[in-house]
Amino acid sequence: MIGANLAEGGEFARREQGVGYGVHWNKVAVVTMDCKRDERSTMTDSTAGPLQALWHDVDGDQRKILIALLERLAKLPLFASLGYALRSALIEQMQWLSMSAGSVLFVQDGPPDALYVLLHGRLTVSRHDGEGNERSLGCIEPGGTVGEHALMADEPRSTTVRVMRDSELLCLPRAGYEHLLNAHPLAMHEMAKLALRGSSSSRERPVLPRCFAVLPAHRGVDAMALAQRMAHAMGVDPQLALVTQDQANRQGAGWFSERESRAPNLLYVGNDDAQWRERCLRQSDWALIVANAGNPPNTQRELWPTLATGKHLPQHLVLLHGGEPGAGSTRPWRDAFSHTRDQHHIRNDADIARMVRRLQGRALGLVLSGGGARGFAHIGVVRALREAGLEIDYVAGASIGAIMGAGIAADWSLARTLAIYRRGFVRSNPLSDWTLPLVALRRGHKVASLLRGAHGETEIEDLPIPFFCVSSDLTEGRLRVHDSGALWRALRASCAIPGLLPPVFHDGHILVDGGVIDNLPVAQMHRRMVGAIVAVDVGGDFRLATDLEEAWTPPWWQVLPELWGTHRRPGLAALVLRAGMVSSDAATRQQRRMSHAVFQPPLASIDLLAWKSFDRAVKLGYHDTVERLANEPDLLARLRAVQRTPISG
């Protein structure tokens, strides 16, 4: 019990720098309060009496901490309805816990043996589904409670809760709860009803980091310079945001809590000291492993892998470049730091701003649909979005949308984009290599040559703007997401229209056009980023129509005159292309509803295979988007606001 723990003594000291007291007993636990100084030092006659009666064996300084705890509990929704005497009894039944980063507070389906109040640090909440996949549900910030639903409903734990940072908690064990329930049944039943209502109304929300460990991967990395530039991109004074070893040396939990209260984000700047690097990880929500990408990792004399302490954290690789990322230059670094989930390529301040937006949950994701030659409109839409001041932070696509999106992710200029795609699609029809139709009507060699000529040996991981595309895996009967490996091969698979182009055979799988299953992969983008998603759908309104009435095809000499006649008979290529898209129409409608904004340029006049309509499609996409943004200023304002305002995590 807390009264007994305080009376056991050990060491106890007041933190002059900030916001609390540190209380130690038997070197087991530390608690840090964030009450204001005048609230700690003031004790009225009305509160002194009961406390003296309840905790007669604690001294005056310790009594102030207990008063601070009572004031803290009074501000929490779960305990606000309890009277002073009951809150005092509640404190008497509680225990103090100190837990290190990476430890597990409780596991899903475990016994409902306690509820917890987080005083300092951060917890993450997750749940496993029936197939063993773990889904993040959110986080618990200081002042939050966890475990109360299972305890009061006497049901197994429905989630797993982990300690993200070094944390201090109050714990009410089942025995203490039952003691209070017997002594104060009405008040405790009211508290239980409040807990159950809160649990049923809670919603999942993304876990966004506030504290980052910026750790050099090897000697010679200027982590301080990167952290300073990150602070500016976050809009935070580096003097407030950066935490160095010299500042934090010999500081306790209260000092770190006070620093976090003064800035929306903290950047713990690591160095070659292993103990300080470990401390950075224990105080952070996210680890950024920074490397100079000019030379491969095997040329470095010494690499500093992340310690086991930090393996519970999401970790990203940050590669510093003097120019453009070289083809195949990312994979050796990802192999050397295999525990990292993603990478950021830093060439300039714009890349740092993009990385910060992604980390803070204010990224803008762009999802481009398939739709044959209508996909050229994507170029015009993107031009209009950028001219409106929107920055693209993540790109995805299916079929022609994947091909257009790869140019965006490669950070091509508008002039380069137009030149490469005009040369590849207009001057040289990529679907003109007819073949004996054993597998498909075309060989697919010209498409593969176009894609390989445009991107060379670049891998998806090498792209400066994050990118993925989708194909349909006929071997496993599911959507295949390509976010690593050879870029040209992934694009070739994503546009392999069944019957028109041969499948891509790779690693024992048969891959065809992504539009067969998902022509607008917005849901996949949601799984990869937090922020706003803009979808561009150029194929959703396509309809094949005819004025014929027949159940079989007439002899060829009767069909041939129709080429110059008025009857509308769809061609073989159009039939195959439309057949490949129609199965995903319902999914596309659902994906549009999941987007923050959907652009559908008026492209009814452009046939799916009308490559010569390149310039007209680009103009239609551009002018329609410019007009839409001008007519809907609120839409543009919302998208801009997402990129400027961090989402609370």
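Residues numbered from 1 in each chain as written. Predicted model: local features only at pLDDT ≥ 70, side-chain atom pairs only at ≥ 80, totals over all residues. Heavy atoms only, no water.

Chemist: Even after reading the chapter, I still don't get the overall build of the protein, so can you show me in this structure?
Modeler: Looking only at helices and strands, the protein features 26 helices and 25 strands. Counting over 649 residues, the protein shows a buried share of 55%. In the protein, once contacts between residues fewer than 6 apart in sequence are set aside, the share between residues at least 24 apart is 74%. With the model as given, the accessible surface of the protein reaches about 28300 Å², and the carbon-plus-sulfur share is 51%. (Helix = DSSP H or I, 4+ residues; strand = E, 2+ residues; numbered from the N terminus. Buried < 20%, exposed > 50% of the residue type's maximum accessible area, 1.4 Å probe, protein only. Contact = heavy atoms within 4.5 Å. Areas by Shrake-Rupley, 256 points an atom, 1.4 Å probe, with all protein chains shown as cover.)

Chemist: Quick question: what am I supposed to make of empty space enclosed by the protein here?
Modeler: Think of a ball as big as a water molecule: rolled over the atoms, this probe shows where empty space is left. Tallying each qualifying case throughout the model produces three cavities of 30 Å³ or more. Considering only enclosed or pocket space, the largest cavity measures out at about 150 Å³ in volume. Considering the residues around the largest cavity, the lining is formed by 16 residues, among which Phe425, Cys495, Ile497, Leu501 and Trp611 are closest to the centre. Its residues assigned to classes, the lining of the largest cavity shows 14 nonpolar, two polar and no charged. (1 Å grid on protein atoms, 1.4 Å probe; cavity = no way out; pocket = protein on both sides within 12 Å on 5 of 7 lines; lining within 4 Å. Points joined across faces, edges and corners; volume = space filled by probe spheres on them. Nonpolar A, V, L, I, M, F, W, Y, C, P; charged D, E, K, R; others polar.)

Chemist: When you look at the packing of aromatic side chains in this model, what are you seeing that I'm missing?
Modeler: To describe a pair of aromatic rings, one takes the distance between the centres and the angle between the planes. Taken as a whole and judged by the stated rule, the model has 10 aromatic pairs. Geometrically, the ring pair formed by Phe376 and Phe425 is edge-to-face, given 5.3 Å between the ring centres and 70° between the ring planes. A residue pair is termed long-range when its members are at least 10 positions apart, and Phe376 in the loop between β18 (363-368) and α16 (377-387) and Phe425 in helix α18 (residues 414-426) qualify at 49 residues. Arranged with centres 5.8 Å apart and planes meeting at 50°, the rings of Trp412 and Tyr421 form a pair that is tilted. Judged on exposure class, the residue Trp412 and its partner Tyr421 are both buried. Sitting over the ring of Phe106, Arg157 keeps its end group 4.0 Å from the ring centre. (Phe/Tyr/Trp six-rings, centres within 6.5 Å; stacked < 30°, edge-to-face > 60°. Lys NZ or Arg CZ within 6 Å of the ring centre and 35° of its normal.)

Chemist: Quick question: what am I supposed to make of the pairing of strand β16 (residues 315-320) here?
Modeler: Looking down a regular strand, the side chains alternate between one sheet face and the other. In terms of burial, β16 is a largely internal element, six of the six residues being buried. Taking every second residue as pointing to the same face, both faces of β16 are buried, with Gln315, Leu317 and Leu319 on one and His316, Val318 and Leu320 on the other. Where strand β15 (residues 286-292) lies against β16, six bridges are found, and the strand directions are parallel. Residue pairing across strands places Ala287 opposite Gln315, the latter belonging to β16. With five bridges connecting them, β16 and strand β17 (residues 342-346) associate as parallel partners. Bridge pairing links Leu317 to Gln343 in β17. In this region the chain leaves β16, passes through helix α14 (residues 331-336) and returns to the parallel neighbour β17; the handedness of that crossover is right-handed. (Pairing = 2+ DSSP bridges. Right-handed = clockwise from strand over helix to strand, strands pointing away.)

Chemist: Just to check I follow, could you spell out the pattern of salt bridges for this structure?
Modeler: Any two side chains of opposite charge can pair, on the condition that their charged atoms come close. Across all of its chains, the model carries 32 salt bridges by this definition. Taking the shortest distance from any N to any O, the salt bridge between Glu141 and Arg122 comes out at 2.9 Å. On the criterion of sequence distance, the pair formed by Glu141 in the loop between β8 (134-140) and β9 (145-146) and Arg122 in the loop between β6 (114-120) and β7 (123-128) is long-range, its members being 19 residues apart. With relative accessibility at 0%, the residue Arg122 sits in the buried group. Each member of the salt-bridge network shares a partner with another, and the members are Glu324, Arg347, Asp351, Arg354, Arg357, Asp393 and Asp411. (Salt bridge = Lys/Arg side-chain N within 4 Å of Asp/Glu carboxyl O.)

Chemist: Please explain the sheet that holds β7 as it appears in this structure.
Modeler: The pairing of strands in a sheet happens through backbone hydrogen bonds and is either parallel or antiparallel. The four strands lie next to each other as β5-β10-β7-β8, forming an open sheet whose pairing is antiparallel. Strands with a single pairing partner mark the edges of an open sheet, and in this sheet they are β5 (104-106) and β8. Between one strand and the next, the sheet's axes are offset by a mean angle of 30°, whatever the strand orientation. By the bridge criterion, two bridges tie β5 to strand β10 (residues 160-163) in an arrangement that is antiparallel. Looking at the pairing, Val104 lines up with Arg162 of β10. (Axes fitted to C-alpha atoms, helices over the stretch in contact; angles between N-to-C directions.)

Chemist: Teacher, can you tell me more about a nonpolar patch on the surface here?
Modeler: On the surface, Leu436, Leu438, Val439, Leu474, Phe505 and Ile510 cluster together into a nonpolar patch covering about 660 Å² of accessible area. Of note, Val439 is situated in the loop between α18 and α19 (445-455). (Patch = residues over 30% accessible without salt bridge, like charges linked within 9 Å, V, L, I, M, F, W, Y side chains within 5 Å.)

Chemist: Explain the state of the cysteines here, please?
Modeler: Note: disulfide means a covalent bond formed between the sulfur atoms of two cysteine side chains. Going through the model one piece at a time under the given rule, you end up with zero disulfides. The cysteine Cys495 is free of any disulfide, with Cys469 supplying the nearest cysteine sulfur at 9.2 Å. Given the relative accessible area of 8%, Cys495 is considered buried. (Disulfide = S-S within 2.5 Å.)

Chemist: For this particular structure, what's the right way to read the confidence of the model for the protein?
Modeler: Reading predicted coordinates in detail is not appropriate for stretches of low pLDDT. This prediction gives the protein a mean pLDDT of 83; 81% of its residues lie at or above 70. With pLDDT under 50 throughout, residues 3-56 is counted as low confidence; its partners more than four residues away or in other chains account for 106 contacts. (pLDDT = per-residue confidence, 0-100.)

Chemist: Even after reading the chapter, I still don't get the sheet that holds β6, so can you show me in this structure?
Modeler: The strand order across the open sheet built from four strands is β4-β11-β6-β9, with neighbouring strands paired in antiparallel fashion. If you trace the sheet from one side to the other, it starts and ends with β4 (95-99) and β9, each paired once. In the sheet, β4 pairs with strand β11 (residues 167-173) via five bridges, with the strands oriented antiparallel. When the bridges of β11 are listed, Met99 appears paired with Ser167. Lying over the sheet, helix α7 (residues 174-183) contacts β6 and β11, oriented at roughly 50° with respect to β11.

Chemist: What exactly am I supposed to notice about α18 here?
Modeler: An α-helical turn contains 3.6 residues, so a residue and the one three or four places further along point in the same direction. Given a rise of 1.5 Å per residue, 13 residues ought to cover 18 Å, and the 17 Å separating the end C-alpha atoms of α18 matches this to within 8%. Turning to α18, its buried residues number three or more, namely Thr417, Leu418, Ile420, Tyr421, Gly424, Phe425 and Val426. Looking at the buried positions of α18, the neighbouring elements they touch are α16, α17 (400-409), α19 and α25 (614-631). (Expected span 1.5 Å × (residues − 1).)

Chemist: It is not clear to me how unusual backbone geometry should be interpreted in this structure. Could you clarify?
Modeler: Negative phi values dominate among residues other than glycine, just as trans dominates among peptide bonds. Despite not being glycine, Ser399 shows a phi value in the positive range, around 60°. With respect to the element layout, Ser399 can be found in the loop between β19 (394-398) and α17. A positive phi is found at Asp411, a non-glycine position, where the angle reads about 65°. Within the element layout of this structure, Asp411 appears in the loop between α17 and α18.

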